[in-house]
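# Working through the structure, step by step
Chain residues, written in single-letter form:
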Amino acid sequence: MTKEIDYQNRDQGYMEKLWSQRTGVTTTMCMEEFSTELNYALQTDKWIISQSLGQFQLVGLREKIRELNQASIAKTIGNAGLNLTTDAVVHAMVADFEERFSKASNGYETYPLVFMPNTLQADKSKHRVVVLDGAEFPYDVIYYEWMNGLIYQGKNAFSVVREKRIEIPGQGTSHQRPDFAVYINGIPFMFIEYKTEESGLKEAIADLENKSTYRKVPFYVATNGQECAVICNVEQFNVKDSTNANAYLWKTSNRLPENEHLTDIECFYHDMLCQPENLYFYATQVTSLDHSRKIVKNGRVQQYQAVRNFHRHLEATRAKKVRTPSNLAVFHTQRSGKTVTMKFMAQLVLNHYNDLFQYIFIYAPDLQIKKVLSDEINAAGSSSLVSIDTIGGDSKLTFEQVLNQMNANAKKQTVGVKRIIIVNMQQLKIKAATAYAGFNVLNIIDEGHHGQAGEFAEVRDEVLPNATNVLFMATPKETTYSRYIGVGQKDNGNVLDRFTFTQAKAADIVVNVL
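All values derive from a computational prediction rather than experimental measurement.

## Digging into the pattern of salt bridges
- Evaluated as defined, the whole model comprises 17 salt bridges.
- Between Asp 207 and Lys 195 there is a salt bridge; the shortest N-O distance is 3.2 Å. Residue Asp 207 is located in helix α5 (residues 200–210), and its partner Lys 195 is located in the loop between β9 (187–194) and α5; the two are separated by 12 residues in the primary sequence.
- Of the charged contacts in the structure, one is a salt bridge between Lys 251 and Glu 227, with a shortest N-O distance of 3.6 Å. On the criterion of sequence distance, the pair formed by Lys 251 in the loop between α6 (242–246) and α7 (264–273) and Glu 227 in the loop between β10 (219–223) and β11 (228–232) is long-range, its members being 24 residues apart.
- Glu 227 gets classed as partly exposed once you look at its relative accessible area, which sits at 28%.
- Sharing partners across several salt bridges, the network here consists of Lys 3, Glu 197 and Glu 198.

Quick look at the structure:
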């Protein structure tokens with residue numbers, strides 16, 4: 001136990017040092033609430049310390065609900081001519097959220113309650129809304145960054161608390177205590193559990209799984225004081241099989257020289273808890289709901305890094321006055337979860353960069369990604385807005401037909417993604433077709449080292465000359481570099497992320513054959 005406490009003291013001191021350096025104010029984890037404002041385009045941050053809070057679980061939520069919803073409350077009261085005060089509506093919203101939160105039994109139910117806008121939930125029974133005097137008052141409990149603009153606003157308040165006591169319902173004064181607890185606007189969403197190298201990550205995961213009060217929280221971090229695993233929802237845990245846990249080890253690639261000495265858990269704190277804009281992005285853009293298994297599924301570190309850098313590229317693209325074609329590469333080895341990364345990228349465009357693209361082509365060896373995307377689009381109620389078609393398999397649709405349809409619709413003044421085309425590249429043959437010159441095409445291409453750098457790539461580039469191309473590959477060839485990267489085998493702004501075989505082996509995702 002002493003060694004665990006030593007690790008907690010070390011990491012608390014590390015975070016407090018970073019917070020204090022960035023704010024210019026001495027900051028203590030257990031007493032201060034913090035939030036950030038970040039000019040994301042310039043990648044510089046400004047930190048703000050707000051009021052100290054004596055308690056953290058749902059305390060602080062009331063003022064956040066008032067702050068986030070007061071404009072819409074005033075508008076509804078005014079339009080309907082109601083004899084209501086803002087205080088009365090806020091009180092009803094807080095009571096409604098507390099009831100919904102208390103009824104939620106696991107992270108699958110609390111995640112959309114906190115992190116999903118009403119507009120992205122097809123099931124209206126899950127909308128956060130109260131009805132007073134016959135009028136509906138929908139409300140938010142967090143600010144949804146990037147939904148309405150380019151720059152990260154930093155309007156959510158994040159809190160980190162050590163040894164937070166959580167009472168066990170129906171057991172009097174009995175309680176359980178996560179080693180560290182992370183809150184957004186007063187709502188718990190991540191618990192962190194420490195063990196030692198001797199007891200290991202499995203013991204930390206088992207601890208998280210066995211504590212009943214932890215079930216509502218969608219994010220968990222298990223650490224042995226050196227390594228850490230970031231996993232969603234205890235239903236995903238398989239403590240008998242180290243491979244499942246190790247696939248989610250947080251091992252940051254391309255560390256800055258000054259961070260080379262840090263442990264993996266310290267790197268996680270540096271990247272996430274000391275830069276909440278990254279934590280918010282991870283929780284909202286690299287996490288999804290598996291509706292068939294009723295669990296939350298979070299991205300691995302390499303998926304987060306690739307999607308985050310793709311997001312930064314799209315922000316820079318949106319800021320430009322003139323669009324240009326782009327070629328981007330993701331160098332991820334086999335079993336790194338490339339299909340899920342492609343899904344996260346497509347979902348990011350659908351939810352936040354609808355103004356940049358109308359068509360998303362996903363080139364893959366099989367069509368399994370179609371079901372994953374279809375389930376999420378249906379859950380978000382967007383199936384009437386976005387169609388998903390396939391080229392290959394049992395489909396009779398051809399690439400030439402799609403291009404002809406795109407050219408026929410080119411003169412229509414439409415905005416937003418209207419069509420996703422899943423292409424089985426094993427069966428694809430592109431014949432002569434009229435080129436589509438629009439910039440509103442995103443090509444997400446698997447196996448970029450194989451069929452995507454030769455004759456097929458030449459034809460695709462000819463018929464979609466102004467598309468944004470994102471190529472996934474494990475072993476890039478010289479032809480791939482010369483066509484898409486252009487500067488030889490070195491990282492540059494076109495390479496979104498690297499996850500090598502060596503890294504995959506270290507995480508037990510792959511093993512040597514002999």
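Moving on from the model shown.
## Section: the side chain of Asn 440
- The residue Asn 440 is located in the loop between β17 (419–424) and β18 (441–445) in this model.
- Every residue in contact with Asn 440, bar those within four places of it in the chain, is listed here: Leu 356, Phe 357, Gln 358 and Tyr 359.

## A short note on the packing of aromatic side chains
- Scanning the entire structure with this criterion turns up 18 aromatic pairs.
- Measuring from ring centre to ring centre gives 6.1 Å for Phe 268 and Tyr 269, while their planes differ by 55°; the resulting arrangement is tilted. Grouping residues by exposure puts Phe 268 and Tyr 269 together as buried.
- Ring centres of Tyr 359 and Tyr 436 lie 5.9 Å apart, and the angle between their planes is 80°; this geometry places the pair in the edge-to-face category. Of this pair, Tyr 359 sits in strand β15 (residues 359–364) while Tyr 436 is found in the loop between β17 and β18, placing the two residues 77 residues apart along the sequence.
- Owing to a relative accessible area of 7%, Tyr 359 belongs among the buried residues under this scheme.
- With relative accessibility at 6%, the residue Tyr 436 sits in the buried group.
- Clustering of aromatic rings is evident, with ring pairs tying together Tyr 111, Phe 115, Phe 158, Phe 180, Phe 189, Tyr 194, Phe 219, Trp 250, Phe 268, Tyr 269, Tyr 282 and Tyr 304.
- Its end group placed over the ring of Phe 101, Lys 216 keeps NZ or CZ at 5.5 Å from the ring centre.

## Digging into the side chain of Gln 8
- Here Gln 8 lies in helix α1 (residues 2–23).
- By relative accessible area, which is 2% here, Gln 8 ends up buried.
- Excluding residues that lie within four positions of it along the chain, Gln 8 makes contacts with Arg 162, Glu 163, Asp 179, Phe 180 and Tyr 194.

## With respect to the packing of helix α9 (residues 301–319) against helix α10 (residues 338–352)
- Relative to each other, α9 and α10 sit at 30°, their axes nearing to 10 Å. Between α9 and α10, the angle falls in the class roughly parallel. Here α9 and α10 pass one another in a crossing that is right-handed. Contacts from Gln 303, Ala 306, Val 307, Phe 310, His 311, Leu 314 and Arg 318 of α9 reach α10 at Val 340, Thr 341, Phe 344, Met 345, Leu 348, Val 349 and His 352.
- Residues belonging to the contact of α9 with α10 are distributed by class as follows: nine nonpolar, four polar and one charged.

## Quick word on the confidence of the model for the protein chain
- When pLDDT is averaged across the protein chain, the result is 78; 76% of the residues are at 70 or more.
- For the protein chain, the element scoring lowest by mean pLDDT is strand β2 (residues 44–52), at 30; strand β3 (residues 129–132) scores highest, at 97.
- A low-confidence stretch, residues 31–59 (pLDDT under 50), is modelled with 84 contacts involving residues beyond four sequence positions or located in other chains.
- This stretch, residues 239–245, has a pLDDT under 50; its non-local contacts, to residues over four places away or in other chains, come to 11 contacts.

## Observations concerning the sheet that holds strand β16 (residues 387–391)
- Across the sheet, seven strands lie side by side as β16-β17-β15-β18-β19-β14-β20; this open sheet has parallel pairing. Where the open sheet ends on each side, the last strands, each with one partner, are β16 and β20 (495–499). Neighbour to neighbour, the strand axes of the sheet diverge by 15° on average, direction disregarded.
- In the sheet, strand β14 (residues 326–332) pairs with β20 via four bridges, with the strands oriented parallel. Paired with Val 330 across the bridge in β20 is Asp 497.
- Relative to β20, α9 is tilted by about 175°, and along the sheet it contacts β14, β18, β19 (468–473) and β20.
- α10 contacts β14, β15, β17, β18, β19 and β20 of the sheet and is inclined by roughly 160° relative to β19.

The rules behind the values
Residues numbered from 1 in each chain as written. Predicted model: local features only at pLDDT ≥ 70, side-chain atom pairs only at ≥ 80, totals over all residues. Heavy atoms only, no water. Salt bridge = Lys/Arg side-chain N within 4 Å of Asp/Glu carboxyl O. Helix = DSSP H or I, 4+ residues; strand = E, 2+ residues; numbered from the N terminus. Buried < 20%, exposed > 50% of the residue type's maximum accessible area, 1.4 Å probe, protein only. Contact = heavy atoms within 4.5 Å. Phe/Tyr/Trp six-rings, centres within 6.5 Å; stacked < 30°, edge-to-face > 60°. Lys NZ or Arg CZ within 6 Å of the ring centre and 35° of its normal. Axes fitted to C-alpha atoms, helices over the stretch in contact; angles between N-to-C directions. Parallel < 35°, antiparallel > 145°, perpendicular 65-115°, else oblique. Left-handed = near helix turned anticlockwise from the far one by under 90°. Nonpolar A, V, L, I, M, F, W, Y, C, P; charged D, E, K, R; others polar. pLDDT = per-residue confidence, 0-100. Pairing = 2+ DSSP bridges.

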